[in-house]
Amino acid sequence: MSRLLVIAFQPSDAVASAGFAASLGLPWDLLCLTGASDLDLGNEKIISANLDLIPPADGLATGLAKAIDGYSHIACVSSMQSKDFLARLAGTSDLAMVTDVVGIDSPTTFKRPIVAGSIIATVEVLSSPVAMTFRPAGFPKPARSGVSVQESITLETPSKATIVSRSVRGGARPDLSQAKVIVSGGRPLKDAETFERVIGGLADKLGGAIGATRAAVDSGIAPNEIQVGQTGKIVAPDLYIAAGISGSTQHMAGIKDSKIIVAINKDPDAPIFELADYGLVADLYDAIPAIQNEIA
Ligand SMILES: Cc1cc2nc3c(=O)[nH]c(=O)nc-3n(C[C@H](O)[C@H](O)[C@H](O)COP(=O)(O)OP(=O)(O)OC[C@H]3O[C@@H](n4cnc5c(N)ncnc54)[C@H](O)[C@@H]3O)c2cc1C
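Anyway, here's the lowdown on the structure attached to this text. (Residues numbered from 1 in each chain as written. Predicted model: local features only at pLDDT ≥ 70, side-chain atom pairs only at ≥ 80, totals over all residues.)

In this section: the nonpolar core. Nonpolar side chains in soluble globular proteins tend to end up buried together. Core analysis: the largest hydrophobic core is formed by 42 residues, its most contacted members being Leu 4, Val 6, Ile 7, Ala 8, Leu 30, Leu 31 and Ala 75. Element by element, the count of residues in this core is highest for helix α1 (residues 11–24), at six residues. Not counting residues up to four positions away in its chain, the partners in contact with Leu 30 are Val 6, Ala 8, Ala 14, Ser 17, Ser 37, Leu 41, Asn 43, Ile 46 and Ile 47. Counting residues in hydrophobic clusters, the runner-up holds 37 residues, among them Val 183, Phe 195, Ala 212 and Met 252. (Core = buried A, V, L, I, M, F, W, Y, C linked by C-beta atoms within 7 Å. Buried ≥ 20, exposed ≤ 12 C-beta atoms within 10 Å, placed from the backbone. Helix = DSSP H or I, 4+ residues; strand = E, 2+ residues; numbered from the N terminus. Contact = placed C-beta atoms within 7 Å.)

What follows is the structure, given as structure tokens:
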């Protein structure tokens with residue numbers, strides 16, 4: 001029988017999964033690797049692994065090889081970490097794999113972006129089971145329904161990799177992939193201290209996350225994990241503020257699902273103004289403090 005298992009890396013993945021599961025239309029269970037989840041997402045079971053930290057992908061794939069027995073669909077919210085893990089699980093457990101699903105035609109036919117999001121491909125999967133990652137923005141959360149049965153499992157996650165250290169950046173800011181508000185900066189932010197003060201300052205005022213262009217990341221102005229775009233994170237906030245960002249196709253590929261894009265750029269001919277909902281031709285060093293003063 002067809003059945004979906006969603007593997008949540010963090011509690012926010014669990015909530016983001018409800019819309020995807022409703023679109024797929026199969027009975028589903030939720031496996032929370034860390035932390036607890038809401039109880040009324042429409043799933044039948046909540047399985048808690050309660051790991052303190054996410055182990056390396058090879059260990060996690062080994063640990064979950066048995067847990068996926070009996071499921072026709074195994075899915076995670078799209079992220080670098082989930083793709084790393086699911087590719088290993090697919091390889092070792094002989095699963096088909098489809099990444100970045102944004103729409104569902106049937107339990108075997110999915111829509112996913114290709115060519116930096118400029119084309120939506122329809123992909124039919126001819127074998128079962130299938131491993132999938134999905135972008136939550138494509139799947140609005142349905143009304144809540146029912147309370148799930150709770151189970152717990154203990155995972156053994158032997159790995160050939162050793163984690164030497166972990167560093168969390170961004171402190172209490174929301175997760176970039178699921179933030180409702182994102183303030184992003186580009187190359188003109190000069191250095192890491194300026195980026196944090198200007199972009200981070202506005203993001204904190206708005207309760208949002210911070211993002212950056214690849215040019216900002218490559219120049220050492222912003223950390224790699226906040227790069228947005230074709231080779232960074234794909235985001236879908238309600239509000240995306242792009243400050244000092246030209247609007248390259250590679251950057252826009254990561255933000256086109258944003259509900260409102262606001263561009264601040266001192267060049268009136270910058271390509272980002274063609275795609276932004278609101279544009280401000282201004283120096284970001286004048287505009288951002290002025291916006292912050294209005295909010296305060
Ligand atoms: C294979 C490949 C993959 C890539 N993947 C990505 C990706 O995932 N994400 C990504 O972002 N890029 C990616 N890139 C890079 C991309 O092509 C662009 O080079 C990059 O997005 C440009 O970043 P930027 O807008 O910060 O810099 P720039 O293009 O240099 O633009 C800076 C902008 O800031 C404006 N400006 C300057 N000073 C100020 C000021 N004081 N106030 C206001 N505005 C100001 C300028 O008018 C300009 O428009 C990729 C490139 C390749 C080849």
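Once the structure has been displayed, the description carries forward.
Next up on the list: the site of the ligand. Every one of the 28 residues lining the ligand counts as a neighbour, but Gly 186, Pro 188, Arg 214, Ala 215 and Gly 229 are closest to it. At the level of secondary structure, the elements contributing two or more residues to the shell around the ligand comprise α5 (214–218), α6 (249–252), β14 (260–265) and α8 (284–295). For the shell around the ligand, the leading source of residues is α5, giving three residues. (Near = placed C-beta within 6 Å.)

Right, let's get into the pairing of strand β9 (residues 130–134). Of all five residues in β9, five are buried, a share of seventy percent or more. Neither face of β9 is open: one carries Val 130, Met 132 and Phe 134, the other Ala 131 and Thr 133, and all of them are buried. Taken together, the five bridges between strand β4 (residues 73–77) and β9 define a ladder with parallel strand orientation. Note on β9: the bridge partner recorded for Ala 75 is Met 132. When strand β5 (residues 96–101) meets β9, the two strands line up parallel, connected through four bridges. Counted as the bridge partner of Ala 96 is Val 130 from β9. (Pairing = 2+ DSSP bridges.)

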